[in-house]
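Chain residues, written in single-letter form:
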Amino acid sequence: MNRSRQPIAGIGTGYVGLVTAAGFAQLGSEVWCVDIDAEKIAQLERGEIPIYEPGLAECVMANRERLHFSTELAPALEHARLLFVAVGTPPTYSGDADLSAVHAVVDAMPSSDHHALVMKSTVPVGTGAAIRRGLEQRGKGGFGYVSCPEFLKEGSALEDFLAPDRVVVGDQGDWAGDAVIELYSPLDAPLVRTDIASAEMIKLAANAFLATKISFINEIANVCEETGADVLEVARGMGLDRRIGTHFLKPGIGFGGSCFPKDVSALKQLAGNSGYHFQLLTAVIEVNELQKRRVISKLQKHLGSLVGKTVALLGLAFKANTDDMREASSLVLSARLQADGAKVRAYDPIAEDEARKLMGGVEFADDALGAVAGADAAVIVTEWPEFAELDWSEVAERMPGRLVIDGRNFVDPEAVRAAGFIYEGIGR
Ligand SMILES: NC(=O)c1ccc[n+]([C@@H]2O[C@H](COP(=O)([O-])OP(=O)(O)OC[C@H]3O[C@@H](n4cnc5c(N)ncnc54)[C@H](O)[C@@H]3O)[C@@H](O)[C@H]2O)c1
């Protein structure tokens, strides 16, 4: 058998699970996908893709005959030895990761010495060891375990899966680790094979570092605003230093999404639970929360009281090219604006359905021009490519207010000003 094309199972068919399944199917594996969400499985069986991710629908359709969807675990166990786990690990109130979905999967495993769990879900350090202990106590010690954290980014998830910067495999040097490595071998990515705890920590540390970079440049941006420097020039000058690098030096309205906020807080809690106070991450989180609210003070600076004012939010997803609204800055903005007495009109090209479930009291428009009609100010919240194409003179005809706040430093300030607006970016 060509081991790189061995059949696998995917447990959880969300952003990570479905992309992983489609990616391995593209590489030639039969993939047995399992999810407890019967509606999601029914959609997938009908050929409908429940999430928006560029190229994913095409990839699923192209590999349709190798992808099998079910709510039952049995077919997956029958056909595959490696069971990739990609269930959610959302934050609890304390900031720790909620591992109940992971434990539900582990508890459903039978006794077997020819199967292994491959953990793609982001879990605290020590989870793999605890799962192994639990399996042993229940006489299921033969069940293999590999930590294989996922680093894909929503918005380019499939691309990232097929061309990863590295593949991290944490295992005990047994058949399961070898099999995971063979499965990834066609991708020719640098491999980090290590112990399970280190693999778990690599994922958390990488996300915490990226979040730190964002909060750092956001603070530099805020100081630039006070001192008259332009943060884009500063970031360019900093980023060309190869020790620093240009990525993640884009100031904005704070990071959101399903990973950074939860993983930073999970690492902080993990450290705290072990008796270590991770001071730096406390600041990273606080800076991020304040950054989301800075737009409000920018609005107040120009409009005074926000009572009765209409503010148009352009873009709602936590970033472009995704429909994911988890921890999106737009949620905080919309709630703060309404609490201050403003009316919120919003437009997002993809995330509206998700946004409607999460945002109360908001009027949704069909396009950007509809959102700005009659507004006192417009805020660019998500860097959707279509906003770079906006005709600002047309915006000026619809919008009586003169204020544009560019929360992503995304549109051309000169074009906005030429249409008669006051332009406020972040840190410029
Ligand atoms: N989204 C990302 O960009 C990203 C990137 C890297 C890592 N991760 C990590 O990957 C994991 C999954 O994230 P996601 O964004 O794909 O989550 P998601 O919420 O989109 O998907 C999780 C899926 O798991 C299913 N599920 C829950 N319990 C189940 C069970 N017992 N059996 C079968 N299916 C079950 C849910 O129905 C859902 O479809 C998380 O730990 C996350 O931190 C996410």
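Provided above is the structure to which this section pertains.
Small disclaimer: the values here were computed from a predicted structure and weren't measured.

### Regarding the state of the cysteines
Here's step 1: This structure, assessed with the given rule, holds zero disulfides.
Here's step 2: Residue C33 stays outside any disulfide, its sulfur separated by 11 Å from that of C59, the closest cysteine.
Here's step 3: With relative accessibility at 2%, the residue C33 sits in the buried group.

### What about the packing of aromatic side chains?
Here's step 1: Here the structure, examined in full by the defined rule, presents nine aromatic pairs.
Here's step 2: Relative to F161, the ring of F24 has its centre 5.0 Å away and its plane inclined at 85 degrees; by these criteria the two rings are edge-to-face. Placement of the pair is F24 in helix 1 (residues 15-26) and F161 in helix 7 (residues 157-162), with a sequence separation of 137 residues. Judged on exposure class, the residue F24 and its partner F161 are both buried.
Here's step 3: Taking the centre distance of 6.2 Å and the plane angle of 70 degrees together, the rings of Y276 and F278 count as edge-to-face.
Here's step 4: Here Y276 falls in the exposed class, since its relative accessible area comes to 55%.
Here's step 5: Taking NZ or CZ as reference, R166 lies 3.6 Å from the ring centre of F151, over its face.

### Let's talk about the sheet that holds strand 9 (residues 310-314)
Here's step 1: Taken in spatial order, the six strands of this open sheet run 11-10-9-12-13-14, and their pairing is parallel. The sheet is open, and its two borders are formed by strand 11 (363-364) and strand 14 (422-424), each paired with just one other strand.
Here's step 2: Two elements, strand 9 and strand 12 (residues 377-380), share four bridges in a ladder whose sense is parallel. The residue of strand 12 that forms the bridge with L313 is V379.
Here's step 3: Packed on one face of the sheet, helix 13 (residues 329-339) meets strand 9, strand 10 (343-347) and strand 12 and runs near 175 degrees to strand 9.

### So, the environment of G55
Here's step 1: Take G55: it is sitting in the loop between helix 2 (38-45) and helix 3 (56-62).
Here's step 2: Relative accessible area serves as the criterion here: at 33%, G55 is assigned to the partly exposed category.
Here's step 3: Each C-alpha atom of the pair G55 and V19 lies 9.8 Å from the other, and the pair is 36 residues apart in sequence.

### Points about the pairing of strand 13 (residues 403-406)
Here's step 1: Along strand 13, one buried face is formed by L403 and I405 and the opposite face, lined by V404 and D406, is buried too.
Here's step 2: Read as a crossover between parallel neighbours, the route from strand 13 over helix 18 (residues 413-418) to strand 14 is right-handed.

Calculation notes
Residues numbered from 1 in each chain as written. Predicted model: local features only at pLDDT ≥ 70, side-chain atom pairs only at ≥ 80, totals over all residues. Heavy atoms only, no water. Disulfide = S-S within 2.5 Å. Buried < 20%, exposed > 50% of the residue type's maximum accessible area, 1.4 Å probe, protein only. Phe/Tyr/Trp six-rings, centres within 6.5 Å; stacked < 30°, edge-to-face > 60°. Helix = DSSP H or I, 4+ residues; strand = E, 2+ residues; numbered from the N terminus. Lys NZ or Arg CZ within 6 Å of the ring centre and 35° of its normal. Pairing = 2+ DSSP bridges. Contact = heavy atoms within 4.5 Å. Axes fitted to C-alpha atoms, helices over the stretch in contact; angles between N-to-C directions. Right-handed = clockwise from strand over helix to strand, strands pointing away.

Spatial relationships are all this shows, so hold off on functional conclusions.
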